[in-house]
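Given next are the chains, with one letter for each unit.
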Amino acid sequence: MDPGDVASVDVGECSDLTYVDTGMYDVAGYGAVYVIDAERPAVVDTGIGADYEHVRAAIEAAGIDAADPLAIVLTHVHLDHAGGAGRLARDFPNATVYVHEIGAPHMIDPERLVVGTKAAVGDQWRHYAAPVPIDEDQIAALTDGDAVDLGDRELVAHHAPGHAPHQVVYHSPADDAVFTADAAGIYVPERDAIEPTSPPPNFDPEQALADVGTIRSLSPSTLCYAHFGPARTADRLGAYERVLSGWVRAVSAARDDYGDDEAVVDAFVDRAETAAVWGEEKAAAETAMNVRGVLRALDAA
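Residues numbered from 1 in each chain as written. Predicted model: local features only at pLDDT ≥ 70, side-chain atom pairs only at ≥ 80, totals over all residues. Heavy atoms only, no water.

**A few points about helix 1 (residues 52-61)**
Taken together, the buried positions of helix 1 are occupied by Tyr 52, Val 55, Ala 58 and Ile 59. Buried residues of helix 1 fall within an arc of 130° about the axis and therefore sit on the same side. When the buried face of helix 1 is taken as reference, the exposed residues oriented beyond 90 degrees from it are Glu 53 and Ala 61. Of the residues trailing helix 1, Gly 63 is marked for its positive phi of about 80°. (Buried < 20%, exposed > 50% of the residue type's maximum accessible area, 1.4 Å probe, protein only. Helix = DSSP H or I, 4+ residues; strand = E, 2+ residues; numbered from the N terminus. Arc of directions from axis to C-beta.)

Shown next, in the form of structure tokens:
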């Protein structure tokens, strides 16, 4: 897929479900937003803000009108997932934004979220658009087990705080699918591989592994990855457990070897295999951020 392309989710039991390649960070095959053409339409995650035109076009392609009571369903408030939420809430005045209760205040006043994002992503901030604040009346705060009613189906939120304390995954029993947020890693379709995601400041390795168990307990046939695209579940959850555990061990061992955290970051950036897929800039930035997240978690342990 190229940025702006829309495709059907044609695995598992999914129906009336499409996704768009948002072209996040000017990279194809990295950021996905899902559109559900249900009795009450919904969008799962909203992109980075700068990719809003692609997200809006995908919603319109599904026949969803600006007057419809759109459910804007956020997996968490990191701005690569929630950066476009304010623009959608503004342009769909009858919409409701669903977000975990810990993240809800950051959607009303995103100032601290912007500061934290800039600290985490560094030079990547140039790919973002400043988030638009959302009126409190348009926000519905969720907690574990709450459901978003879409009429012919529901999305059940399951708290998955290992990546961030405000993260949930959504189970759609009617589609036999889970929208995984960042709780199942980054799926790279070109390589049929799973990459780790462990950004600062809140990455918790033990809880992140427990979150994989939460998804497994739902027994979905399909995983809808925010990064990137749908895939059969198969052994991908087990694969991510192995990848994540090995990633944390490798960073910990490198810290012991190098004795200098920046040297650890540089060593992993130099051998990042994702450059062939995402390009050198994004591969380096993603790797550096994820190494720093592990290092911070090791300090907190």
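We are not done yet, so read on.
**Considerations on the sheet that holds strand 7 (residues 139-142)**
Read from one edge of the open sheet, seven strands run 1-2-3-4-5-6-7, paired in mixed fashion. The two strands at the open ends of the sheet, each matched to only one other strand, are strand 1 (6-8) and strand 7. This sheet shows a mean twist of 25° between the axes of neighbouring strands, independent of strand direction. When strand 2 (residues 17-21) meets strand 3 (residues 32-36), the two strands line up antiparallel, connected through five bridges. For Thr 18, the partnering residue across the bridge sits in strand 3 and is Val 35. (Pairing = 2+ DSSP bridges. Axes fitted to C-alpha atoms, helices over the stretch in contact; angles between N-to-C directions.)

**Some words on the pairing of strand 2**
The buried count for strand 2 comes to five of five residues, which makes it a mostly enclosed element. Residues Leu 17, Tyr 19 and Asp 21 of strand 2 are buried on one face, and the alternating residues Thr 18 and Val 20, pointing to the opposite face, are buried as well. Relative to strand 2, strand 1 runs antiparallel, the two being bridged by three bridges. Bridge pairing in strand 2 links Ser 8 to Thr 18.

**Considerations on the pattern of salt bridges**
This structure, assessed with the given rule, holds 16 salt bridges. Residues Glu 60 and Arg 56 are paired through a salt bridge, measuring 3.1 Å at the closest nitrogen-oxygen approach. Note that Glu 60 and Arg 56 are positioned in helix 1 at a spacing of four residues, about one turn of the helix. Close ionic contact of Arg 153 with Asp 175 constitutes a salt bridge, the shortest N to O distance being 3.2 Å. Taken together, the residues Arg 153 in the loop between strand 8 (147-149) and strand 9 (154-159) and Asp 175 in the loop between strand 10 (168-172) and strand 11 (177-179) connect sequence positions 22 residues apart. (Salt bridge = Lys/Arg side-chain N within 4 Å of Asp/Glu carboxyl O.)

**Section: the nonpolar core**
Grouped together as the largest cluster of nonpolar side chains are 40 residues, with contacts concentrated most on Ile 59, Leu 70, Ile 72, Leu 74, Leu 88 and Met 107. The set of elements that each furnish at least two residues to this core consists of strand 3, helix 1, helix 2 (79-82), helix 3 (85-91), strand 6 (96-100), helix 4 (104-108), helix 5 (111-121) and strand 12 (186-188). Looking at this core element by element, the count peaks at four residues for helix 1. Not counting residues up to four positions away in its chain, the partners in contact with Leu 88 are Val 43, Thr 46, Tyr 52, Val 55, Ile 59 and Ile 72. Core analysis: the second largest hydrophobic core is formed by 31 residues, Ala 183, Val 212, Tyr 225 and Phe 268 among them. (Core = buried A, V, L, I, M, F, W, Y, C linked by side-chain atoms within 4.5 Å. Contact = heavy atoms within 4.5 Å.)

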